[in-house]
Every structure is written in C-alpha cells, then in structure tokens.
Amino acid sequence: TSWMRSLDCSDIFNEIQRNTDILATTAPDLPERHRSLYAVFEYAWQLLTSEQQRALRRLAIFEDSFGAKAAQQVAGTSVVTLGQLVDRSLLLKTNEGLYRFHNLLRQYAIDKLENKATHDPQSNVALAVLSLINGRFDRVEELAQELLTHATDDYNIDKGFGLALLSVIGGVRGEYEQSL
C-alpha cells in the first residue's frame, strides 16, 4: 500500500513486470521468508525435492496452459510430479485438466532455469527453446554448442537438436550456407 502513495497502478504493474523486488517489506515483525515475494518463492523452492525443482524449471518454458502429455514429452515431468506441484500450489490445474503457472511464479522458475550452474541436456533444450522464443539467439547458439560438446556419440538426440538449433540460428541470421 505504501507504493500507492507515490505510484499509480499502471506504474506499479510495470515495475512488478520488470522486477518483483517492489513486492517487499522491511517490517521487522515478519519472518524473513515473508518479507518479499521472492523470499516466499525461495522458501517454497527449498522444500521441493530435486526432481520437483527440475520439473518446475523445465515447465517454465510453457507460457500458457499445458497438458500432462506435453509436460512429459517436453520437460520429462511425470503426472505424479505434476500432482505434487499442484498440491504445493506451485501449479494450477484448470477445469479443462490443463496445468499453468501464475505469471510471477513462472518468472521465478525461468530465473532458476537460466541460473542453473550446470545444465543437464533436457534443461538445456528447454532453455534453448525458451531463448529461441524470446529472440535471444546468442544464448540459443551458446546452448546448442553446449549440447554438441556434451553429446556422447554421433547419433545422440541432444547432438541432433544442437545441430538443428544452429541451423535455425544460421537461417535467422541469413547465413544460409552455414545453416545447411
């Protein structure tokens, strides 16, 4: 409410879209985990298993609702894990049987995906897709190179995806010979 005295609603909305740090308090009578939205998310994150954390990171590539089959195929997430994330109120299940994130929680999960120190190949694929959607072509190229570097053999699916990404980036940049 203190922001309402100095900013109008549209300015507050824009600031939240840019950075959730505006949603914080310095009230000394609140536990640290309740002083900001980021702290609430971080506290909830620490309570997740590593499998649930991995699923939440990977699922963040879905900008809108998604089904259980898409979650399994794209993010390697089981129906059991989806149910656990719904039980923890980290995903919402719609009346149509689809799943979705709250936008602020999705942004937190994207940050976790982008800041993961060591990516497993499937997380790199998810991050590459998200980066491609967002037009971050240098990041796509970096992730494609990482997929190629860590591919174990010539017929590895991660290597194929890395090569496909480099081809797409070459085409976007007008480097048609190189993309072939």
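Above: the structure in question.
Here is what the cut-offs are and how they apply
Residues numbered from 1 in each chain as written. Predicted model: local features only at pLDDT ≥ 70, side-chain atom pairs only at ≥ 80, totals over all residues. Heavy atoms only, no water. Helix = DSSP H or I, 4+ residues; strand = E, 2+ residues; numbered from the N terminus. Contact = heavy atoms within 4.5 Å. Phe/Tyr/Trp six-rings, centres within 6.5 Å; stacked < 30°, edge-to-face > 60°. Buried < 20%, exposed > 50% of the residue type's maximum accessible area, 1.4 Å probe, protein only.

(A) Focus on the environment of Val-79. Among the structural elements, Val-79 can be located in helix α5 (residues 79-87). Sequence separation between Val-79 and Ala-68 is eleven residues; the distance between their C-alpha atoms is 6.2 Å.

(B) Structural detail: the environment of Val-140. Inspection of the secondary structure assignment puts Val-140 in helix α8 (residues 137-150). As a C-alpha pair, Val-140 and Val-125 span 15 residues in sequence and 9.3 Å in three-dimensional space. Not counting the four nearest positions on each side in its chain, Val-140 is found in contact with Ala-128, Ser-131, Leu-132, Leu-165 and Ile-169.

(C) Layout of the packing of aromatic side chains. Within the structure shown, the criterion is met by four aromatic pairs. Each ring, one from Phe-41 and one from Tyr-108, has its centre 5.5 Å from the other, and the planes form 55°; the classification is tilted. Linking Phe-41 in helix α2 (residues 37-46) with Tyr-108 in helix α6 (residues 103-114), this pair joins segments that are 67 residues apart in sequence. A residue is classified by how much of its surface remains accessible, and Phe-41, at 16% relative accessible area, is buried. An angle of 20° between the planes, with centres 4.5 Å apart, marks the rings of Phe-62 and Phe-66 as stacked.

Coordinates in, geometry out; function isn't part of it.
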